[in-house]
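Now for the letters of each chain:
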Amino acid sequence: MDEAFAVSVDVSLPEGTLVRVPPVAALAILKITAWRDRKYTHPGLDAGDLFLFLRHYMDLGNLDRAAADHPDLFEAEDFDHVEAGVTLLARDMIVLLGEGGCERLLSILRPEADEKGAMLLAAQSRMELGRARRLLEVLCAGLERSG
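The structure reproduced in this document is the subject of the present report.

Each value, and the rule that gives it
The numbers attached to residues start from 1 for each chain and follow its sequence in the written order. pLDDT decides what is reported in this predicted model: residues at 70 or higher carry local features, side-chain atom pairs at 80 or more are listed and counted, and totals for whole chains, interfaces and linings draw on all residues regardless. Remark: hydrogens and water are excluded; side-chain values derive from all non-hydrogen atoms of the structure. Numbering of helices and strands runs from the N terminus; a helix is a DSSP stretch of H or I covering at least four residues, while a strand is a stretch of E covering at least two. Two things to know: the radius of gyration comes from C-alpha atoms, and the globule rule equals 2.2 Å times the number of residues to the power 0.38. Relative accessibility under 20% of the residue-type maximum defines a buried residue, over 50% an exposed one, and the middle range a partly exposed one, all with a 1.4 Å probe and only protein chains included. Throughout, a residue-residue contact means that at least one pair of heavy atoms, one from each residue, lies within 4.5 Å. Methods summary: accessible areas were calculated by the Shrake-Rupley approach with a probe of 1.4 Å, and residue burial reflects only the protein chains presented. The convention is simple: Lys and Arg are positive, Asp and Glu are negative, and His and the chain ends are not counted. A charge is said to be at NZ when it belongs to Lys, at CZ for Arg, at CG for Asp and at CD for Glu. Here, nonpolar core means buried Ala, Val, Leu, Ile, Met, Phe, Trp, Tyr and Cys residues that are tied together by side-chain atoms lying within 4.5 Å of each other. Here a cavity is any set of points on a 1 Å grid over the protein atoms alone where a 1.4 Å probe fits but cannot get out, and a pocket is any open set with protein on both sides within 12 Å along at least 5 of 7 lines; a residue lines the site when it has an atom within 4 Å of a point. Grid points are joined across faces, edges and corners, and a volume is the space filled by probe spheres set on the points. Ten residue types, Ala, Val, Leu, Ile, Met, Phe, Trp, Tyr, Cys and Pro, are classed as nonpolar, four, Asp, Glu, Lys and Arg, as charged, and the remainder, Gly among them, as polar.

**Describing the overall build of the protein**
Right, on to step 1. For the protein, the helix and strand inventory stands at seven helices and two strands.
Right, on to step 2. In the protein, the succession of α and β elements from N to C terminus is α-β-β-α-α-α-α-α-α.
Right, on to step 3. Taken against the 2.2 N^0.38 rule, which gives 15 Å for 147 residues, the C-alpha radius of gyration of the protein at 15 Å falls within 12% of a compact globule.
Right, on to step 4. With respect to the principal axes defined by its C-alpha atoms, the protein has extents near 50 × 40 × 30 Å.
Right, on to step 5. Within the protein, the fraction of its 147 residues that count as buried is 43%.
Right, on to step 6. A fraction of 59% describes how many contacts in the protein between residues 6 or more apart in sequence connect residues 24 or more apart.
Right, on to step 7. Carbon and sulfur atoms make up 55% of the accessible area of the protein, which totals about 8100 Å².
Right, on to step 8. Put simply, the protein has 16 plus and 25 minus side-chain charges, and the middle of one group is 5 Å from the middle of the other.

**Things to note about the nonpolar core**
Right, on to step 1. Among the nonpolar cores identified, the biggest contains 42 residues, and L54, M93, L139 and L143 are the most heavily contacted of them.
Right, on to step 2. Elements with a minimum of two residues in this core: α2 (24–38), α3 (45–56), α5 (81–113), α6 (120–123) and α7 (129–144).
Right, on to step 3. Of all the elements, α5 adds the most residues to this core, at 15 residues.
Right, on to step 4. Beyond its immediate sequence surroundings of up to four residues, M93 is in contact with A25, A28, I29, I32, L105, L139 and L143.

**Looking at the layout of surface pockets**
Right, on to step 1. Considered as a void within the structure, the largest pocket measures approximately 260 Å³ in volume.
Right, on to step 2. Residue lining of the largest pocket: 14 residues in total, with A76, E83, A84, T87 and V138 positioned closest to the centre.
Right, on to step 3. Those elements that place two or more of their residues in the lining of the largest pocket are α5 and α7.
Right, on to step 4. Counting residues per element, the lining of the largest pocket draws most heavily on α7, at four residues.
Right, on to step 5. Taken together, the residues that form the lining of the largest pocket break down as six nonpolar, two polar and six charged.
Right, on to step 6. Computed from the structure, the second largest pocket encloses a volume of approximately 190 Å³.
Right, on to step 7. Taken together, 13 residues form the lining of the second largest pocket, with E3, I29, T33, L97 and L105 sitting closest to its centre.
Right, on to step 8. Within the residue set of the lining of the second largest pocket, elements represented by two or more residues are α1 (2–6), α2 and α5.
Right, on to step 9. Residue classes in the lining of the second largest pocket are distributed as eight nonpolar, two polar and three charged.

Below you can see the structure in the form of C-alpha cells.
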C-alpha cells in the first residue's frame, strides 16, 4: 500500500472531488497480494483484475513509451504483443518495489506459474489455462531480472 500511495496521482472528478489513483503497475502489485490473502474467500476477483492488467498493459498508453525506452521488447523473433506488455509491466513493478519487494511477489507467483503446481491463479483468471500460466511465467521472468 505504501508504494502504491507514494506514486499515486490526483485525479479530478466532477464537482471538484479529488481522488488519488495509483498507476496500473501499483494496482497489479496490490492485486497479487490481495489474491494471496483472498484466493479462497473471493475466488476469481483479484485474479480476473490482475489478468486484465496483464492482457492490456501495453495498450494502456504504454506503447510509445515501450518503443522509445524498451526497444528490446519488440526484437524477439516470436514477438507477442501481450507478453511484451507483461514484461514492461514487470519492469515498471521493479521500479516501485526494488529487489526485496520483487522477491515477495515472486514467492506468490512462482508456484502459480509452475505447470506442475496448482495453477490456482491461472484457473481463476477465466482465461485458457495454458495462456494464463504463460503470462504468469513471463511476469515472473521479468521480475526475476530485478536482482
